[in-house]
Amino acid sequence: SLADDLPLLQSKHGRSDPTVGATPYTDLDSLSFEQLHDFFQSTHEGIVLPVAANRDAQTWLKRQAGNAYAVCLNVPMEIQSLADTLAAKRPDFRFFDLASTPLPSSARAANSQSLYGYGLSLHERTALVQAADAYVGRFDELGCAALVSGRPAVLLGGGAGDRPDRISGDDMTVWFPVPREATALAGAVLQFLSHRLGSPEIDRRT
C-alpha cells in the first residue's frame, strides 16, 4: 500500500517522467545529512496542532513540573547515560523522556520521568515538545517539531562520515550531526541549557 502511495508524494513533473522513481520506503526514516542540514537552516512556519492536544500538554507539564523548567528528552539508546547525567547535574529541572525504550524505574532519577507506557500519539508528543522549555534528543520528527516551534533544542545525530562536529542554527539551537560519547556531549548540553534556561543557582521559571 505504501509503495502504491509513494508516487502521489512526487511533484507532477516527477510523476510524468518515467526516469524519476518513487522514494523507496526504506528511505523514509533515513533522511540524508544534506536534507536535514537544509531543514535546519530553513525558515519554517509553526506547526498547528489540535487545540485539545496543546491544552492538555500545557496543563500536564504545569502539574508535573511545577515551577521547574520542563525539558523533553529523546536521547538515542546508545548514549542513554547522557539523560542520566543531565538529570543528576540539573536537579532543579524536570526531565520528561519520550524515548521508545523503557528503563527500569530504579535506574531513573527522581526528577526524570519516562513517558514510554503512556500510549501518546504523535500529536500529543509533539504538543509536549512545543509546550516544554527545551528539547534534547534525536533530529527526528520530534526534533523537527522543536526546531519549527522555536524551542531551545539540542539535536543529536542525523549525519555520518566527515561532518562538522557542531552546527549552530541560532542562539536557540545546536546540532551535533555525528554521534559522540555521552561524556563528551554532557558538558556542551549542560552549558547550552544553562545559557538558555539559567544557572541552577539563580534562575527558576515562574
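Residues numbered from 1 in each chain as written. Predicted model: local features only at pLDDT ≥ 70, side-chain atom pairs only at ≥ 80, totals over all residues. Heavy atoms only, no water.

1. Concerning the overall build of the protein
Counting secondary structure elements, the protein contains eight helices and seven strands. Looking at the protein as a whole, 40% of its 206 residues qualify as buried. Contacts in the protein between residues far apart in sequence, at least 24 positions, make up 55% of those at least 6 positions apart. As presented, the protein carries roughly 11400 Å² of accessible surface, and 52% of it is formed by carbon and sulfur atoms. (Helix = DSSP H or I, 4+ residues; strand = E, 2+ residues; numbered from the N terminus. Buried < 20%, exposed > 50% of the residue type's maximum accessible area, 1.4 Å probe, protein only. Contact = heavy atoms within 4.5 Å. Areas by Shrake-Rupley, 256 points an atom, 1.4 Å probe, with all protein chains shown as cover.)

2. Quick word on the environment of K89
Mapped onto the elements, K89 comes out in helix α5 (residues 81-89). When the C-alpha atoms of K89 and A186 are compared, they prove to be 9.5 Å apart, with 97 residues separating the residues in sequence.

3. Description of the packing of aromatic side chains
Considering all chains together, one arrives at nine aromatic pairs under this definition. A centroid spacing of 6.0 Å and a plane angle of 85° characterise the contact between W60 and Y118, whose relative ring orientation is edge-to-face. Here W60 is found in helix α4 (residues 51-65), whereas its partner Y118 is found in the loop between β3 (112-114) and α6 (122-131), with 58 residues between them in sequence. When its relative accessible area of 23% is taken as the criterion, W60 is described as partly exposed. Given a relative accessible area of 42%, Y118 falls into the partly exposed group. Between the aromatic rings of F93 and F95, the centroid separation amounts to 6.1 Å while the plane-to-plane angle is 55°, which identifies the pairing as tilted. As far as burial versus exposure is concerned, F93 and F95 are alike and both buried. Members of the aromatic cluster, each reached through a chain of ring pairs, are F33, F39, F40, F139 and W175. In this arrangement the basic side chain of R90 is found over the ring face of F93, its NZ or CZ atom lying 4.1 Å from the centre. (Phe/Tyr/Trp six-rings, centres within 6.5 Å; stacked < 30°, edge-to-face > 60°. Lys NZ or Arg CZ within 6 Å of the ring centre and 35° of its normal.)

4. Quick notes on the side chain of Q113
Inspection of the secondary structure puts Q113 in strand β3. Judged by its relative accessible area of 15%, Q113 falls in the buried class. A polar contact of 2.7 Å, which involves the side chain of Q113, links it to the side chain of Y118. The residues contacting Q113, other than those within four sequence positions of it, are W60, Q64, R94, F95, F96, D97, R108 and Y118. (Polar contact = N/O pair within 3.5 Å; in protein donor to acceptor, adjacent residues only side chain to side chain.)

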